[in-house]
Amino acid sequence: MSSYETIATAAATGKHTSTIIFFHGLGESGNVWMEKLSTLRKPNTKIICPSASKIPLTLNKGFMMPSWFDVSTLKEDAPENESDILRAVDKVHALLDEELTRTRLPPKKLLLGGFSQGGALALYAALTYHRPLAGILILSCWIPLHKSFPDAATNNTKIPILQCHGTDDPVIPYAWGRRTSEILSEFTTKSQFTSYEGLLHGTNEKKDT
């Protein structure tokens, strides 16, 4: 875990039977999502929220910013830094391996999730991990290196995927989220796309009644 800038962790308050690993968006930290997720989790669930190191970001004119990998532009047809993305994915896989070794939980008790760039990372990492996981939760994101699929996918094409996206997202356009859903539906069997009317690039505290 030392390969990350910091890692926020909330231990299970009951018997530990599952773990959620969640990756923040560009410019954020794991602490932001730890606060959100801690209020929603069940007592038997542990939460891990890594924080990305600051790197010179092309999107930010080379200025340093917390980021999982370099991004040149947030346009669907933009060129992607494949080697940078794959290095970030390798770190996620190492984190998964470490958590499984430490806790001795079965892989299907680990869920990966993320927001925006963190969601893109979580999605790619989960689909290419060598063991089946519990599921994937992705918010306001896209599928990176989408031309690699389905060939790159290993054991996780049949696990549940919940993808959520706001219709008014000005950062990662809703159309991009919808296109990601279409790509996932071509090779996964349990992916679900949920739209949030009027939601921008963020989360909503509103709960269904």
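Residues numbered from 1 in each chain as written. Predicted model: local features only at pLDDT ≥ 70, side-chain atom pairs only at ≥ 80, totals over all residues. Heavy atoms only, no water.

In the nomenclature of an unreviewed UniProt entry, the protein chain is known as palmitoyl-protein hydrolase of Sipha flava.

(A) Spatial organisation of the packing of helix α2 (residues 82–103) against helix α3 (residues 117–128). The interhelical angle for the contact between α2 and α3, taken along N-to-C directions, is 65°, at an axis separation of 9 Å. As for how α2 packs across α3, the hand of that crossing is right-handed. Every residue of α3 that contacts α2 at Leu86, Ala88, Val89, Val92 and His93 is listed here: Leu121, Tyr124, Ala125 and Thr128. Classifying every residue of the contact of α2 with α3 by side-chain character gives seven nonpolar, two polar and no charged. (Axes fitted to C-alpha atoms, helices over the stretch in contact; angles between N-to-C directions. Helix = DSSP H or I, 4+ residues; strand = E, 2+ residues; numbered from the N terminus. Left-handed = near helix turned anticlockwise from the far one by under 90°. Contact = heavy atoms within 4.5 Å. Nonpolar A, V, L, I, M, F, W, Y, C, P; charged D, E, K, R; others polar.)

(B) Spatial organisation of the pattern of salt bridges. By the definition in use, this model includes five salt bridges. Among the salt bridges present, the one from Glu99 reaches Arg102, with a minimum N-O distance of 3.8 Å. Placement of the pair is Glu99 and Arg102 together in helix α2, with a separation of three residues, close to one helical turn. Taking relative accessible area as the criterion, Glu99 reaches 0% and is therefore assigned buried. (Salt bridge = Lys/Arg side-chain N within 4 Å of Asp/Glu carboxyl O. Buried < 20%, exposed > 50% of the residue type's maximum accessible area, 1.4 Å probe, protein only.)

(C) Up close: the sheet that holds strand β6 (residues 110–115). Taken in spatial order, the seven strands make up an open sheet running β1-β3-β2-β6-β7-β8-β9, and their pairing is mixed. Every other strand in the sheet has two partners, leaving β1 (6–10) and β9 (191–196) as the edge strands with one partner each. Averaged over all pairs of adjacent strands, the angle between strand axes in this sheet comes to 15°, irrespective of strand direction. Where strand β8 (residues 161–166) and β9 come together, six bridges link them in parallel fashion. Residue pairing in the sheet places Leu162 in a bridge with Gln192 of β9. Where helix α1 (residues 30–38) meets the sheet, it contacts β1, β2 (18–23), β3 (45–51), β6 and β7 (135–139), and its direction lies at approximately 160° from that of β3. (Pairing = 2+ DSSP bridges.)

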